[in-house]
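Summary of the model geometry
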Amino acid sequence: MERNRRERNSRLLITGGTGFLGSHIAARLLQDGFEITLLARPSPEATAEQRVQRIMDWHDIPADTRRRLHVVQGDLCHPGLVPDAATRCRLLAEVDEIIHCASETSFVERKRVQIEEVNLRGLERLLDFAASGRCAAFHYVSTAFVAGRRDGFCAEILSTAREFHNAYEETKCLAERLVWECCRREGILTVICRPSIVYGHSRTGRSLLFNAIYHPVRAAVFLRDVFLRDIRENRGERARAAGVGLDPGGTILHMPLRIQAEGPGIDLVPVDFFADAFAAIFATALEDGIFHLVNGRPTHVGEIAAFTARMFGLRGIEAMSAADLDGSPRSAIEAAFEQMVDVYRPYMSDRRIFAREKSGPIFARAGLECPSFTFEVFQRCMSYAVDVGWGKTSGQRW
Ligand SMILES: NC(=O)c1ccc[n+]([C@@H]2O[C@H](COP(=O)([O-])OP(=O)(O)OC[C@H]3O[C@@H](n4cnc5c(N)ncnc54)[C@H](OP(=O)(O)O)[C@@H]3O)[C@@H](O)[C@H]2O)c1
């Protein structure tokens, strides 16, 4: 397939190219020499083309590489995917392989209709497109969490889960089955990649998205700032009432916060490893397959709490199991924190272990090893997040 791709000058269609992972895949495969078309939506302020060019600026993609980049305005919620029949016909004749990375990634239940519309109906439209043209391979970016509500070993096979933590997990699981069945029927090579939780670049700290692992850290920093303001501007009465105060040196804030966490921890993958791992699977997967893009060494929530305390001048944050909490009532700080991180709480007590039996050997052959989530990596990523206002400044540009 790899040799054929090069010889035929394969044209790839990528969805989700204005997003975190899709833009990394696009940037990576452009640099690898591929001819790429991105299906992208416009925003109220910018055309699809402008949005893609801005994100390619962020990735520092040189002008000559961008000659192999084409943008087509499209939307998975549009019946024909693209606004006009002529563009659809042209794409049907051109596209050799599809990398489907677009998704509604919200975990909140009130967005269920939108999540189903994009992750299932939108996917069906794209599969219909794949089946109508000359598409030879469909690469679906799924998630390791299709495993659903369960503990223990999760294999690199289609998930049979029936219970999920949210509509996102549920639709991604159903989506894998849709992809698998349709592509099998149509004789299209099917490659499903399942990342766990992806964060910024392990060496630069840069990221485009500040959800998941960033969110609880940001919540703790937000609470810290509320109490620091109270101490500095209002004599600290609220802080004292909550048992919060500055240490004698005046630089460390004691803020008692018990975080409920069970199990071995969170499987975290930096985006540089994700991009390399995806490219390795893309290059070598010659038959249908499902691959976990995971670290394999989970990071315990207690370690993330310790990193947060060390970097942000805090004391008193600790992870505890439900047994250790022993039903004791939550303090106001703990209740506020739990509310802020509510949708991520199942992932803080994750007991799912993701197999690497199929993906591991591919990574080993490519000389890839997932970097560890050390304090230095954490610090780089969180410094970048703070610099860009946790995405407020960078996130709006595209
Ligand atoms: N980030 C992670 O940690 C992680 C972990 C596991 C799996 N994944 C999977 O990786 C994929 C990418 O996630 P991400 O983190 O990169 O998310 P993201 O940054 O939110 O990107 C989502 C992308 O989907 C596009 N999209 C959404 N609705 C669309 C529609 N109706 N039509 C066309 N495009 C649409 C978005 O376009 P706009 O820019 O126009 O909104 C954006 O480009 C998803 O399939 C997700 O399930 C991500």
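If you're wondering where the values come from, they're calculated on a predicted model, not measured in any experiment.

Attention shifts here to the overall build of the chain. From N to C terminus, the chain includes 16 helices and 14 strands. Computed over its C-alpha atoms, the radius of gyration of the chain comes to 22 Å, within 12% of the 21 Å expected for a compact globule of 398 residues. Each of the 398 residues in the chain was classed as buried or not, and the buried ones make up 54%. For the chain, long-range pairs separated by at least 24 residues make up 80% of all intrachain contacts whose partners lie at least 6 apart in sequence. For the chain, the accessible area works out to roughly 17,400 Å², and carbon and sulfur atoms hold 49% of it. Taking the average location of the 51 positive side-chain charges in the chain and that of its 51 negative ones, the two points are 2 Å from each other.

Next up on the list: the site of the ligand. Neighbouring residues of the ligand: 25 residues in total, closest Thr18, Leu21, Arg51, Tyr168 and Lys172. Contact between the ligand and aspartate 75: a nitrogen atom at 2.8 Å from a side-chain N or O atom of the residue. Across the complex, the protein chains shield 89% of the 900 Å² of accessible surface that the ligand would expose by itself. Breaking the shell around the ligand down by element, the ones donating at least two residues are helix 2 (20-31), helix 7 (167-186) and strand 8 (197-199).

In this section: the pattern of salt bridges. Within this structure, the stated rule accounts for 24 salt bridges. Between aspartate 57 and arginine 66 there is a salt bridge, and its shortest N-O distance comes to 2.7 Å. For aspartate 57, a relative accessible area of 46% corresponds to the partly exposed category. Between glutamate 338 and arginine 345 there is a salt bridge, with its nearest N and O atoms 3.5 Å apart. By relative accessible area, arginine 345 is classed as partly exposed at 30%. When salt bridges with common partners are traced through the structure, they connect Glu109, Arg112, Glu116 and Glu170 into a single cluster.

Domains assigned within the chain are domain 1 (2-195) and domain 2 (214-263 + 300-348). Computed over C-alpha atoms only, the centres of domain 1 and domain 2 are separated by 38 Å. Approximately 430 Å² of surface area, both sides summed, lies buried where domain 1 meets domain 2, with 77% of it carried by carbon and sulfur atoms. On the domain 1 side of the contact with domain 2, Phe107, Phe145 and His165 bury the most area, a combined 78% of that side's loss. Taken together, the links from domain 1 to domain 2 amount to zero salt bridges. Between the two partners, domain 1 and domain 2, sit two residue pairs in polar contact (both at pLDDT 80 or more).

Adjacent strands of a sheet pair through backbone hydrogen bonds, lying either parallel or antiparallel. The strand order 9-10-13 describes an open sheet built from three strands, whose pairing is mixed. In the strand order of this sheet, the two ends are held by strand 9 (245-246) and strand 13 (314-320), each with one partner. Bridge analysis of strand 10 (residues 253-260) against strand 13 gives six bridges, and the strand direction is parallel. Paired with glutamine 260 across the strands is methionine 320, a residue of strand 13. This element, helix 8 (residues 214-233), spans strand 9, strand 10 and strand 13 of the sheet and lies at about 150° to strand 10.

Note: most residues except glycine have negative phi, and most peptide bonds are trans. Its identity is not glycine, yet leucine 81 carries a phi of approximately 70°, on the positive side. For leucine 81, the position within the fold is in the loop between strand 3 (69-73) and helix 5 (85-94). On the basis of relative accessible area, leucine 81 is assigned to the buried category, the value being 4%. Here tryptophan 390, not a glycine, exhibits a phi torsion of approximately 55°, which is positive.

Within the open sheet, the seven strands sit side by side as 3-2-1-4-5-7-12. Their pairing is parallel. The sheet terminates laterally at strand 3 and strand 12 (289-293), the two strands that pair on one side only. Neighbouring strand axes in the sheet, compared pairwise and without regard to direction, differ in orientation by 20° on average. In the sheet, strand 4 (residues 97-100) pairs with strand 5 (residues 137-141) via four bridges, with the strands oriented parallel. Following the sheet pairing, histidine 100 is matched in strand 5 by tyrosine 140.

This part takes up the packing of helix 2 against helix 3 (residues 48-58). Any two packed helices are characterised by how steeply their axes cross, that is the angle between the axes, and by the distance between the axes. At a minimum axis distance of 10 Å, the contact between helix 2 and helix 3 shows a crossing angle of 70°. The angle between the axes of helix 2 and helix 3 places the two elements in the roughly perpendicular class. Counted together, Ser23, His24, Ala26, Ala27 and Leu30 of helix 2 and Ile55, Met56 and Trp58 of helix 3 form the full contact between these two elements. Looking at side-chain class alone, the contact of helix 2 with helix 3 contains six nonpolar, two polar and no charged residues.

All of the buried residues along helix 3 are Ala48, Arg51, Val52, Ile55, Met56 and Trp58. One side of helix 3 holds all its buried residues, which, seen down the axis, span an arc of 150°. Those residues of helix 3 that are buried lie in contact with helix 2, strand 2 (35-40), helix 4 (63-66), strand 3 and helix 16 (375-387). Following helix 3 by one or two positions, aspartate 60 has its phi on the positive side, about 60°.

This next bit is on the packing of aromatic side chains. Scanning the model with the defined rule gives 17 aromatic pairs in all. Ring centres of phenylalanine 273 and phenylalanine 363 lie 5.4 Å apart, and the angle between their planes is 80°; on these two criteria the pair is classed as edge-to-face. Note that phenylalanine 273 is positioned in helix 10 (residues 271-284) and phenylalanine 363 in helix 15 (residues 359-365), a separation of 90 residues in sequence. For the residue pair phenylalanine 273 and phenylalanine 363, the accessibility class agrees, reading buried in each case. Ring pairs connect the aromatic residues Phe107, Phe145, Tyr168, Tyr344, Tyr347 and Phe354, which therefore count as one cluster. In this structure, arginine 310 is placed above the aromatic ring of phenylalanine 375, and the distance from its NZ or CZ to the ring centre is 3.7 Å.

About the cut-offs
Within any chain, residue numbers begin from 1 and follow the written order of that chain's sequence. Selection of residues for local features in this predicted model requires a pLDDT of at least 70, selection of side-chain atom pairs for listing and counting requires 80 or more, and totals for whole chains, interfaces and linings are taken over all residues. No hydrogens and no water enter the side-chain calculation; it runs on all heavy atoms of the structure. Only DSSP runs of H or I with at least four residues qualify as helices, and only runs of E with at least two residues qualify as strands; both kinds are numbered from the N terminus onward. Within these notes, the globule rule equals 2.2 Å times the number of residues to the 0.38 power, and the radius of gyration is based on C-alpha atoms. For the exposure calls, accessible area comes from a 1.4 Å probe over protein chains only, and a residue counts as buried if that area is under 20% of its type's maximum, exposed if over 50%, partly exposed in between. Note on contacts: a residue pair qualifies if any of its non-hydrogen atoms lie within 4.5 Å across the two residues. With residues, only the protein chains shown are counted as cover, and all accessible areas are computed by Shrake-Rupley using a 1.4 Å probe. Positive residues here are Lys and Arg, negative ones are Asp and Glu, while His and the chain termini are left out of the count. The atoms used to mark charge sites are NZ of Lys, CZ of Arg, CG of Asp and CD of Glu. One heavy atom suffices: a residue is near a molecule or strand as soon as one of its heavy atoms comes within 4 Å of it. Think of a polar contact as two N or O atoms within 3.5 Å of one another; within protein, one of them needs to be a possible hydrogen donor and the other a possible acceptor, and neighboring residues in sequence only count if both atoms come from side chains. For this analysis, a salt bridge means a side-chain nitrogen from Lys or Arg found within 4 Å of a carboxyl oxygen belonging to Asp or Glu. All domain edges in this entry derive from an automatic or database-based domain assignment. Two parts placed together each lose some accessible area under a 1.4 Å probe, and adding up what both lose gives the buried area. Two strands make a pair as long as DSSP finds a minimum of two bridges between them. A fitted line through C-alpha atoms serves as each axis, taken over the contacting stretch for helices, and the angle formed by two N-to-C directions is quoted from 0 to 180°. Oblique is the label for any angle not under 35 degrees, not over 145, and not in the 65 to 115 range, which are roughly parallel, roughly antiparallel and roughly perpendicular in turn. Each residue gets one of three labels, nonpolar for Ala, Val, Leu, Ile, Met, Phe, Trp, Tyr, Cys and Pro, charged for Asp, Glu, Lys and Arg, and polar for the others, Gly among them. By construction, the arc corresponds to the directions joining the helix axis to the C-beta atoms. Stacked, tilted and edge-to-face are the three classes assigned to paired rings of Phe, Tyr and Trp, where Trp is represented by its six-membered ring and a pair needs centres within 6.5 Å; plane angles under 30 degrees give stacked, over 60 edge-to-face, the rest tilted. Either the NZ atom of lysine or the CZ atom of arginine qualifies as a charge over a ring when it sits within 6 Å of the ring centre and within 35 degrees of the ring normal.

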